[in-house]
Amino acid sequence: MRLNILALRSSKTTEKQAMTNFKKIKYLLLIVVLGLVFSCQEATNKKVLYFAHNSPQSHPVHLGALKFQEVLAQKSGGKLTLKIFPDAQLGSEREVLELLQIGSLAITKVSAATLSNFVPEYLVLGVPYLFRNQEHKFEVLEGEIGKSILEKGSKFWLRGLCYYDAGSRSFYTKTKPVRKPEDLEGLKIRVMNNQMAINMVNALGGSATPMAYGELYTAIQQGVVDGAENNAPSFVSSNHYEVSKYYTIDEHSAVPDVILIGTKAWKELTAEEKRWVQEASEASAQAQKEFWRISVEASMEKAKAAGVEIIIPEKELFAQKSESVLEEFLKAYPEMKNLVTDIKTK
């Protein structure tokens, strides 16, 4: 029996190593192929920028990328074009970021939360109730504050071009409606394994419960947790609206996505080409906002039709009760105080 167990363990280890080696080979082949494509481009007067992301083709991110492609082709007269790879065709978010950094890929989309591993200023965008409303959010992101954060990634070979709307996260619950902060008291709320999210739910009186997203539907259905929090399209696409009959639009968090270009690809562009890319990305961001708005409206309509009660609470009550989260954040990152103040007073 001991020999059989050892053999089984050895077999599993060999399988795991084989999968890891396969991924490495696939990754290296991808780099070689992209390198050959870029070499062929140099022999012509036309340039192609590769844009990879992990969203499906129906998602507002991909629709925004198509607008980027359209506007760039128009502005350049076809001299500079975008080829898009959706659905994680060129690898995971992390793998694609690495391709950008080494110059084998030009553009991608990642969450600002991911970029906070490189640029701590992106952490600020996850502070609960940072933005008063949608107008305030875009005024900050599209203004000098947002642009200055985008530029800070350049020292890590990741230059930000613009922000894409990723919506606002709000609470949803199975049996008890949340109309004021006190309604969260004692409720087990699933959150991402993120300290700021955990602190926020606990500060509001709930019991933050980190859990894998794939387990959440069953967990709500069986009462393991009382609810969760996410943006409206995710609430519906995950089918969580089937087991959660209350959706409270408190908009506690509004972390955007970021469109990045690798600095190696950026340096290979002429001044005119850089202008085309920047202007096309910004035009796509405006279009993507509208695609996201439409997605939110459609999601809310589907939830309502299924019997979900949509609750619009007094947001300021939630913001006041979670102020300790910001205090803890500034204790850990005192250098971010001015940035937080600039955003809140914008």
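Residues numbered from 1 in each chain as written. Predicted model: local features only at pLDDT ≥ 70, side-chain atom pairs only at ≥ 80, totals over all residues. Heavy atoms only, no water.

**Describing the nonpolar core**
Next up, step 1: Ranked by internal contacts, the top residues of the largest apolar core, which has 53 residues, are Tyr122 and Leu125.
Next up, step 2: At six residues, the largest contribution of residues to this core is made by helix α8 (residues 195–203).
Next up, step 3: Setting aside residues up to four positions removed in sequence, Tyr122 forms contacts with Ala112, Leu115, Ser116, Ile149, Leu150, Tyr163 and Val258.
Next up, step 4: Within the second largest apolar cluster, 24 residues are counted, among which are Cys162, Tyr164, Ile261 and Trp276. (Core = buried A, V, L, I, M, F, W, Y, C linked by side-chain atoms within 4.5 Å. Buried < 20%, exposed > 50% of the residue type's maximum accessible area, 1.4 Å probe, protein only. Helix = DSSP H or I, 4+ residues; strand = E, 2+ residues; numbered from the N terminus. Contact = heavy atoms within 4.5 Å.)

**Brief notes about unusual backbone geometry**
If a residue is not glycine, its phi is most likely negative; likewise, a peptide bond is most likely trans.
Next up, step 1: The backbone of Tyr129 shows a phi angle near 55°, a positive value even though the residue is not glycine.
Next up, step 2: Structurally, Tyr129 is set in the loop between α5 (121–124) and α6 (134–141).
Next up, step 3: Owing to a relative accessible area of 6%, Tyr129 belongs among the buried residues under this scheme.
Next up, step 4: Backbone geometry at Trp157 places phi at a positive 65°, although glycine is not the residue there.

**Topic: the confidence of the model for the protein chain**
Next up, step 1: The share of residues in the protein chain with pLDDT of 70 or more is 87%, and the mean pLDDT across the chain is 90.
Next up, step 2: Note that pLDDT drops below 50 for residues 1–22; the model gives that stretch zero contacts with residues more than four away or on any other chain. (pLDDT = per-residue confidence, 0-100.)

**Let's talk about the sheet that holds strand β4 (residues 158–164)**
Next up, step 1: The strand order β2-β1-β3-β10-β4 describes an open sheet built from five strands, whose pairing is mixed. In this open sheet, the two edge strands, each paired with only one partner strand, are β2 (80–85) and β4. The sheet shows a mean angle of 30° between the axes of neighbouring strands, direction not considered.
Next up, step 2: When β4 meets strand β10 (residues 257–262), the two strands line up antiparallel, connected through six bridges. Looking across to β10, one finds that Tyr164 is bridged to Asp257.
Next up, step 3: Taken strand by strand, helix α2 (residues 60–76) contacts β1 (47–52), β2, β3 (107–111), β4 and β10, and its axis lies near 165° from that of β2. (Pairing = 2+ DSSP bridges. Axes fitted to C-alpha atoms, helices over the stretch in contact; angles between N-to-C directions.)

**Let's talk about α8**
Next up, step 1: Among the residues of α8, those classed as buried are Met196, Ala197, Ile198, Met200, Val201 and Ala203.
Next up, step 2: Capping of α8 at its N-terminal end is provided by Asn194; its side-chain oxygen lies 3.0 Å from the backbone amide nitrogen of Met196.
Next up, step 3: Gly205 sits one or two residues past α8 and shows a positive phi near 105°. (Polar contact = N/O pair within 3.5 Å; in protein donor to acceptor, adjacent residues only side chain to side chain.)

**Details of the side chain of Asp250**
Next up, step 1: Mapping Asp250 onto the fold places it in strand β9 (residues 246–253).
Next up, step 2: Of the buried charged residues, Asp250 lacks a salt bridge, with Lys315 as the closest side chain of opposite charge at 7.7 Å.
Next up, step 3: Polar side-chain contacts of Asp250 include one of 2.6 Å to the side chain of Tyr129.
Next up, step 4: Among all residues touching Asp250, those that are not within four sequence positions of it are Tyr129, Arg169, Ser170, Phe171, Pro313, Lys315 and Phe318. (Lys, Arg positive; Asp, Glu negative; His and termini not counted. Salt bridge = Lys/Arg side-chain N within 4 Å of Asp/Glu carboxyl O.)

**Some words on the pattern of salt bridges**
Next up, step 1: Enumeration according to the criterion identifies 18 salt bridges in this entry.
Next up, step 2: For Glu185, the salt bridge goes to Lys321, with nearest N and O atoms at 3.4 Å. Residue Glu185 is found in the loop between β5 (169–173) and β6 (188–191), and its partner Lys321 is found in helix α13 (residues 315–321); the two are separated by 136 residues along the sequence.
Next up, step 3: Assessed through its relative accessible area of 28%, Lys321 is described here as partly exposed.
Next up, step 4: Among the salt bridges present, the one from Arg293 reaches Glu290, with a minimum N-O distance of 2.4 Å. Separated by three residues within a single helix, Arg293 and Glu290 lie in helix α12 (residues 271–305), roughly one turn from each other.
Next up, step 5: Given the relative accessible area of 36%, Arg293 is considered partly exposed.

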